[in-house]
Amino acid sequence: MSYAPDHIDLTRRAATYIDKILKGAKPADLPVEQASKYELIINLKTGKALGLAIPESFLLRADEFIQ
């Protein structure tokens, strides 16, 4: 199971920072931002091998499954 920032969203945010820097902004003047979008990925095969019972409500919140 993984609950981590969405890497695609982080890449888009980095591109915005790079654009501002290339247009003349000083990196020290740019605000620090935290990730705003997170992904929940569940590995069902490993969970089954470990004998874990994953609640249905938890499965409904997952963004991706690994079969």
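Data block above holds the structure.
First things first, this report covers the structure right here in the doc. Quantities reported herein were computed from a predicted structural model and do not represent experimental measurements.

### Re helix α1 (residues 7-22)
Helical periodicity: at 3.6 residues per turn, an α-helix aligns residues three or four positions apart in one direction.
Here comes step 1: Here α1 spans 22 Å end to end across 16 residues, near enough to the 22 Å set by a 1.5 Å rise per residue.
Here comes step 2: With a side-chain oxygen lying 3.3 Å from the backbone nitrogen of Ile 8, the N-terminal cap of α1 falls on Asp 6.
Here comes step 3: Looking one or two residues past α1, Gly 24 carries a phi angle of roughly 110 degrees, positive in sign.

### Digging into the packing of aromatic side chains
In this description, a pair of aromatic rings is defined by centroid distance and the angle of the planes.
Here comes step 1: Evaluated as defined, the whole model comprises 1 aromatic pair.
Here comes step 2: Their ring planes at 20 degrees and their centres at 5.5 Å tell us that Tyr 3 and Tyr 38 sit as a pair that is stacked. Here Tyr 38 lies in strand β2 (residues 38-43) and Tyr 3 lies in strand β1 (residues 2-5), a separation of 35 residues in the sequence.
Here comes step 3: For Tyr 3, a relative accessible area of 60% corresponds to the exposed category.

Definitions and limits used
- Along each chain, the written sequence defines residue order, and numbers are assigned to residues from 1.
- This being a predicted model, a pLDDT of at least 70 is required before a residue's local features are given, and a value of 80 or more before pairs of side-chain atoms are given or counted; all residues contribute to the totals for chains, interfaces and linings.
- The side-chain quantities take in all heavy atoms of the structure and omit both hydrogens and water.
- Secondary structure elements are defined from DSSP: runs of H or I of at least 4 residues count as helices, runs of E of at least 2 residues count as strands, and each element is numbered from the N terminus.
- In this analysis, the expected span of each helix is defined as 1.5 Å times one less than the number of residues it contains.
- N or O atoms within 3.5 Å of each other form a polar contact, as long as, within protein, one can give a hydrogen and the other can take it, and as long as residues adjacent in sequence are counted only when both atoms are side-chain atoms.
- Working definition: a ring pair exists when centres of Phe, Tyr or Trp rings (six-membered ring for Trp) sit within 6.5 Å. Plane angles under 30 degrees give stacked, over 60 give edge-to-face, the rest tilted.
- Exposure categories follow from relative accessible area, calculated using a 1.4 Å probe and restricted to protein chains: below 20% of the type maximum is buried, above 50% is exposed, and the middle band is partly exposed.

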